[in-house]
Amino acid sequence: MHKNTFLVVAFLAVFAALVIGVNIGRRLNPAQTPLPPVPSPTLPAPSPAVLQIYKNPICGLTFSYPDSLTKEEDASGSAAFSNSSSGQQIAVVTCQNEIPRPAILPTKVETLRITNDLATSSVSAKLYHDSSAKDGTPVDVVIWRTPDTTFDVYIAGYGETFNQILQTIRLLP
């Protein structure tokens, strides 16, 4: 017999043995009845976050923040809010004269309107979508000039909780 013919016959014999072995194995294995589906455990609904009110008379603003955040204030009117469990910083608030605006593309800048509770006064604020120069972490920065003083207000942070804070910012009357 020729060598190539022998190799083809040997390959076909091994292949046939594998196919027959698999079929025999299927016949010997009794038919298994499917197990009934196990219901997934139901998780309790997350409790709604209790909101705290932050008022800063120096900066002339107020907003709500979840009680899961730890607030650290200093005498200059600045405050930092961090996650109580992880220590991750969520937001920073400060006000001072002439806060420099970030130099970023106009496509990464939004204009916000911040009003008081009665909507009788408002200011135009800029929301800058930037990133940390140190590690590239995204950061959003909101800056506006207070209507009654010469201070600029600076609020920086990122994430869902920060966005919730931004939606509740109001000017003090």
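Look up a bit, the structure's there.
Residues numbered from 1 in each chain as written. Predicted model: local features only at pLDDT ≥ 70, side-chain atom pairs only at ≥ 80, totals over all residues. Heavy atoms only, no water.

*Asks:* What am I meant to see in the overall build of the chain here?
*Replies:* Summing up its helical and strand segments, the chain has two helices and 10 strands in all. Scored against the burial criterion, the 173 residues of the chain give a buried share of 25%. A separation of at least 24 residues holds for 40% of the contacts in the chain among residues at least 6 apart in sequence. Surface accessibility of the chain: about 12,200 Å² in total, with carbon and sulfur atoms responsible for 60%. (Helix = DSSP H or I, 4+ residues; strand = E, 2+ residues; numbered from the N terminus. Buried < 20%, exposed > 50% of the residue type's maximum accessible area, 1.4 Å probe, protein only. Contact = heavy atoms within 4.5 Å. Areas by Shrake-Rupley, 256 points an atom, 1.4 Å probe, with all protein chains shown as cover.)

*Asks:* Help me out: how do you make sense of the nonpolar core in this one?
*Replies:* Most often, soluble globular proteins keep nonpolar side chains buried together rather than apart. Counting residues in each nonpolar core, the largest one holds 25 residues, and the members touching the most others are Tyr54, Leu61, Phe63, Phe81, Trp144 and Ile155. Look past the residues within four positions of Tyr54 in its chain and what remains in contact with it is Leu61, Thr62, Phe63, Tyr65, Lys71, Glu73, Gly77, Ala79, Phe81 and Val93. (Core = buried A, V, L, I, M, F, W, Y, C linked by side-chain atoms within 4.5 Å.)

*Asks:* Where do I start with the environment of Asp152 in this structure?
*Replies:* Structurally, Asp152 can be placed in strand S9 (residues 151–157). Accessibility expressed as a relative area gives 0% for Asp152, which makes it buried. Residues Asp152 and Cys95, 57 residues apart in the sequence, show an inter-C-alpha distance of 5.4 Å. A polar atom in the side chain of Asp152 sits 2.9 Å from the backbone nitrogen of Ile99. (Polar contact = N/O pair within 3.5 Å; in protein donor to acceptor, adjacent residues only side chain to side chain.)

*Asks:* How do you make sense of helix H2 (residues 160–167) when you look at a structure like this?
*Replies:* An α-helix turns once every 3.6 residues. As a result, residues three or four positions apart point the same way. All of the buried residues in H2 are Phe162, Ile165 and Leu166. Axial view of H2: buried residues confined to an arc of 100 degrees, hence all on one face. Along H2, exposed side chains directed more than 90 degrees from the buried face belong to Glu160 and Gln167. Taken together, the buried residues of H2 touch strand S2 (61–66), strand S3 (69–73), strand S5 (89–97), strand S7 (122–131), strand S8 (138–145) and S9. (Arc of directions from axis to C-beta.)

*Asks:* Whenever I open this one, the sheet that holds S8 confuses me. Can you help?
*Replies:* Note: strands within a sheet are paired through backbone hydrogen bonds, in either parallel or antiparallel orientation. Spatial strand order, S3-S4-S5-S9-S8-S7-S6: seven strands in an open sheet with antiparallel pairing. Two strands in the sheet have a free side with no partner beyond their single neighbour: S3 and strand S6 (109–115). Adjacent strand axes in the sheet meet at a mean angle of 20 degrees when their direction is disregarded. Pairing of S7 with S8 involves six bridges; the strand directions are antiparallel. Directly across from Lys126, in S8, lies its bridge partner Ile143. Where H2 meets the sheet, it contacts S3, S5, S7, S8 and S9, and its direction lies at approximately 45 degrees from that of S5. (Pairing = 2+ DSSP bridges. Axes fitted to C-alpha atoms, helices over the stretch in contact; angles between N-to-C directions.)

*Asks:* Whenever I open this one, the packing of aromatic side chains confuses me. Can you help?
*Replies:* Aromatic rings considered in pairs are described by the distance between their centres and by the relative angle of their planes. This model, assessed by the stated rule, comprises four aromatic pairs. Plain terms: the ring middles of Tyr54 and Phe81 are 5.2 Å apart, the flat faces sit at 85 degrees to each other, and that makes the pair edge-to-face. Residue Tyr54 is found in strand S1 (residues 51–56), and its partner Phe81 is found in strand S4 (residues 79–83); the two are separated by 27 residues along the sequence. Aromatic ring contacts, followed pair by pair, group Tyr54, Phe63, Tyr65 and Phe81 into a single cluster. (Phe/Tyr/Trp six-rings, centres within 6.5 Å; stacked < 30°, edge-to-face > 60°.)

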